[in-house]
Amino acid sequence: MTIGKSPDRENAPTSAHPAGAEHAADAPSIGRVLSVARIDAGLTVDQVSSSTRVRVPIVHAIEEDDFGRCGGDFYARGHIRAIARAVGVDGEELVARYDAAHGGAPAQRRPAQLLDTGPIKVTDRRRPNWTAAMVAAIVAVVALIGFNLVSGKTGGSTTGSASAPLPSGSGTGSVAPAPSPSVQPPAPAPSVAAIAAAPADKVTVKLVAEKDTSWVSALDGAGKSLFQNNIEEGQDQTFTDPKQIKLVIGNAGAVHVYVNGKDLGPAGKNGQVVHVTYTPGDPQAG
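Described in the following lines is the structure provided in the data block. Here the structure is a predicted model, which is why all the values come from computation and not from measurement.

Observations concerning a nonpolar patch on the surface
No. 1: Judged by side-chain polarity, V141, I145 and L149 come together as a nonpolar surface patch covering roughly 250 Å² of accessible area.
No. 2: On the secondary structure map, I145 appears in helix α9 (residues 118-162).
No. 3: For I145, a relative accessible area of 45% puts it in the partly exposed group.

Shown next as structure tokens:
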């Protein structure tokens, strides 16, 4: 006697399937959504790559749901948003689905790390020792300054008595006492170097990665690629052209922008992909 499979058991997910498998079965994958939307929009992979600056092999890989070639979750999210915008679908919804399948967004994982207060308690126990050491150091410095001041006054009075006859024999008036060598005037704080003035007949753009790594693409006025790579934290790139500089910045919040000698601040928000063009003259107008 042959026992048939129950329809309910045949369609039910096994214990090896992750949570949310029912939703994944109902909805097409991220790559399938992007691929169908591109075809419906009448676009080729090369056209999508040209408009988003995402390389053709990566576009193919994303449409096949292979995100390993993106270089990490941060760049995968940026590529998904850019391609979705190019083919006319909701990129934020696809990014949310990507985060759900890859452990959640960074902002959702960070609070769990901050809740670990074990090391903080240890630091709090040791803080009085640091405070006592700092107080002792301050007392020692104050005592040393006081000793130097007293020594300076004593030395000044001796010098004054020895040089007392000089004012009567000279026509220069009173002589100001020399400052004590132990008391030096405070050195002026170093001023921030001003941004060099850019030529008026060209556009000059300087990008500085201050907070994080960002992918950057730069084209000149003739459409020629000047730069297409990552700018690591602490690095900078400068571009100059007589007509215009066209930029695509993959992590706008990490990049500080200087255009035609003016500080424009961050290019945008963290994780935001920015497309911007600058021309000679006022960077706001360009």
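We are not done yet, so read on.
Focus on the pattern of salt bridges
Any two side chains of opposite charge can pair, given that their charged atoms come close.
No. 1: Tallying each qualifying case throughout the model produces three salt bridges.
No. 2: Residue E92 pairs with R81 through a salt bridge whose shortest N-O separation is 2.9 Å. On the criterion of sequence distance, the pair formed by E92 in helix α7 (residues 91-101) and R81 in helix α6 (residues 73-87) is long-range, its members being eleven residues apart.
No. 3: A relative accessible area of 48% places E92 in the partly exposed class.

What to know about the pairing of strand β2 (residues 214-219)
No. 1: When you tally the buried positions in β2, you get six out of six residues, the bulk of the element.
No. 2: Summarising the sheet, β2 and strand β3 (residues 225-231) pair through six bridges and their orientation is antiparallel. Within the sheet, the bridge partner assigned to L219 lies in β3 and is S225.
No. 3: The antiparallel hairpin formed by β2 and β3 contains five residues in its connecting segment, where G223 sits at a positive phi of about 85°.
No. 4: Pairing of β2 with strand β5 (residues 245-249), which is carried by four bridges, proceeds in the antiparallel orientation. Note on β5: the bridge partner recorded for V216 is I249.

The rules behind these values
- Each chain carries its own residue numbering, running from 1 in the direction its sequence is written.
- Local features in a predicted model are, by the rule used here, given only for residues with pLDDT of at least 70; side-chain atom pairs are given and counted only at 80 or more, and totals for whole chains, interfaces and linings are based on all residues.
- Only hydrogens and water are removed before side-chain values are computed, so all heavy atoms of the structure are retained for them.
- Residues enter patches when they are more than 30% accessible in relative terms and free of salt bridges; like-charged ones are connected within 9 Å and nonpolar ones (Val, Leu, Ile, Met, Phe, Trp, Tyr) within 5 Å.
- Computed with a 1.4 Å probe, the accessible areas rest on the Shrake-Rupley method; for each residue, only the protein chains presented here act as cover.
- For salt bridges, the criterion is a side-chain nitrogen of Lys or Arg within 4 Å of an Asp or Glu carboxyl oxygen.
- Secondary structure elements follow DSSP: runs of H or I of four or more residues count as helices, runs of E of two or more count as strands, with numbering from the N terminus.
- Each residue's exposure class comes from its accessible area (1.4 Å probe, protein chains only) as a fraction of the maximum for that residue type: buried when under 20%, exposed when over 50%, partly exposed otherwise.
- A pair of strands is considered paired only if DSSP assigns at least 2 bridges between the two.

So yeah, pure geometry; function would need other evidence.
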